[in-house]
Amino acid sequence: AAGVIQSPRHLIKEKRETATLKCYPIPRHDTVYWYQQGPGQDPQFLISFYEKMQSDKGSIPDRFSAQQFSDYHSELNMSSLELGDSALYFCASSSSIDRELFFGEGSRLTVL
Amino acid sequence: AQSVAQPEDQVNVAEGNPLTVKCTYSVSGNPYLFWYVQYPNRGLQFLLKYITGDNLVKGSYGFEAEFNKSQTSFHLKKPSALVSDSALYFCAVRDPMGRRALTFGSGTRLQVQP
């Protein structure tokens, strides 16, 4: 069965640079979520989109933005990167019928 | 605001013994509760969920969880642990009346010794 696809899997950037992460949800899922997981931390909710509209906002920094496109894929844009942005970034998707979220394998961002 | 507490950072159990990973929650109304497992450098894998109905929920890999409304708990259990069950386990809650996103607990590392 198709799963949530995230790219790139690994990304290395320097301070003050920008980065873009991509997420392709499971087909027919209408909601996409972004989470950030720092080393040894639990996943922290950043933002979500339902039917291409922002549906919920968590602890997403102002330097970050995200959107969901007409084909339902989503992108997380991060600017003015800081060392503390180094983390695993997970995308998840869900449908209105199933309440559980299905997670991708994550994108590991390292900021040097 | 919804929240989840996992009081144990780590649980150690011998292979073949029963295991319990604890979780308590706080949410207004009836909660949606979930357990996820995470292996090193991997995504979170869904194990089981409680939405409504029978308080004992059975999930993947022989895991089950019991919803206890009076104690606001949703402990994860398995009758006989395997070494391959060693991983990080997260309890999560979703408020059906509000936020659609999951709020995770701090995670419990399960170590099963041979």
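Look up: the structure comes first, before these words.
Given the structure is predicted, the values throughout are model-derived calculations rather than measurements.

Draft legend 1. Seen up close, the interface of chain A and chain B. Taken together, the contact between chain A and chain B spans 24 residues of the former and 20 residues of the latter. Summing the contributions of chain A and of chain B, the shared interface buries around 1,900 Å²; its carbon and sulfur component is 50%. Its largest share of buried area at the contact with chain B, chain A owes to Arg-99, Glu-100 and Phe-103 of chain A, together 30% of the area lost on that side. At the surface where chain A touches chain B, the tally comes to 2 salt bridges. The partner of Glu-105 of chain A in a salt bridge is Arg-42 of chain B, with the nearest N and O atoms 2.6 Å apart. Where chain A meets chain B, there are 6 residue pairs in polar contact (both at pLDDT 80 or more).

Draft legend 2. Structural view of the pairing of strand S8 (residues 74-78) of chain A. Residue and element names in this part refer to chain A. For S8, a buried count of 4 out of 5 residues is recorded, marking the element as mostly surrounded by other parts of the structure. In the sheet, strand S3 (residues 19-24) pairs with S8 via 5 bridges, with the strands oriented antiparallel. The residue of S8 that forms the bridge with Leu-21 is Leu-76. Sheet topology places strand S7 (residues 64-68) next to S8; 5 bridges connect them, and they run antiparallel. For Phe-64, the partnering residue across the bridge sits in S8 and is Met-78. Here S7 folds back onto S8 in antiparallel fashion, the turn holding 5 residues, of which Tyr-72 has a positive phi close to 75°.

Draft legend 3. Examining the sheet that holds strand S1 (residues 5-7) of chain A more closely. Residues and elements named next belong to chain A. The 4 strands are arranged S1-S3-S8-S7 in an open sheet whose pairing can be described as antiparallel. Two strands close off the open sheet at either side, each with one partner strand: S1 and S7. On average, each strand axis in the sheet is inclined to that of its neighbour by 15°, with strand direction left out of account.

Draft legend 4. Here's a closer look at unusual backbone geometry. All names here are of chain A. Ser-7 connects to Pro-8 through a cis peptide bond whose omega is -10°. Tracing the sequence through the fold places Pro-8 in the loop between S1 and strand S2 (10-13). Look at Arg-28: it is not a glycine, yet its phi comes out positive at around 75°. Note on placement: Arg-28 falls in the loop between S3 and strand S4 (31-37). The residue Glu-51 is not glycine, and still its phi comes out positive at about 50°. Position of Glu-51 relative to the elements: it lies in the loop between strand S5 (44-50) and strand S6 (53-57).

Draft legend 5. Seen up close, the pattern of salt bridges. In this structure the tally under the stated criterion is 7 salt bridges over all chains. When the shortest N-O distance is used, the salt bridge between Glu-82 of chain A and Arg-63 of chain A registers 3.4 Å. One end of the pair, Glu-82 of chain A, is in the loop between S8 and strand S9 (87-94); the other, Arg-63 of chain A, is in the loop between S6 and S7, with 19 residues separating them in the sequence. On the basis of relative accessibility, which here comes to 42%, the residue Glu-82 of chain A falls in the partly exposed class. Glu-100 of chain A is paired through a salt bridge with Lys-49 of chain B; the nearest N and O atoms lie 2.7 Å apart. With Glu-100 of chain A in the loop between S9 and strand S10 (102-103) and Lys-49 of chain B in strand S6 (residues 44-50), this pair bridges two chains.

Rules used in this analysis
- Residues numbered from 1 in each chain as written.
- Chains lettered and ligands numbered in written order.
- Predicted model: local features only at pLDDT ≥ 70, side-chain atom pairs only at ≥ 80, totals over all residues.
- Heavy atoms only, no water.
- Contact = heavy atoms within 4.5 Å.
- Buried area = accessible area lost by both parts, 1.4 Å probe.
- Salt bridge = Lys/Arg side-chain N within 4 Å of Asp/Glu carboxyl O.
- Polar contact = N/O pair within 3.5 Å; in protein donor to acceptor, adjacent residues only side chain to side chain.
- Buried < 20%, exposed > 50% of the residue type's maximum accessible area, 1.4 Å probe, protein only.
- Helix = DSSP H or I, 4+ residues; strand = E, 2+ residues; numbered from the N terminus.
- Pairing = 2+ DSSP bridges.
- Axes fitted to C-alpha atoms, helices over the stretch in contact; angles between N-to-C directions.

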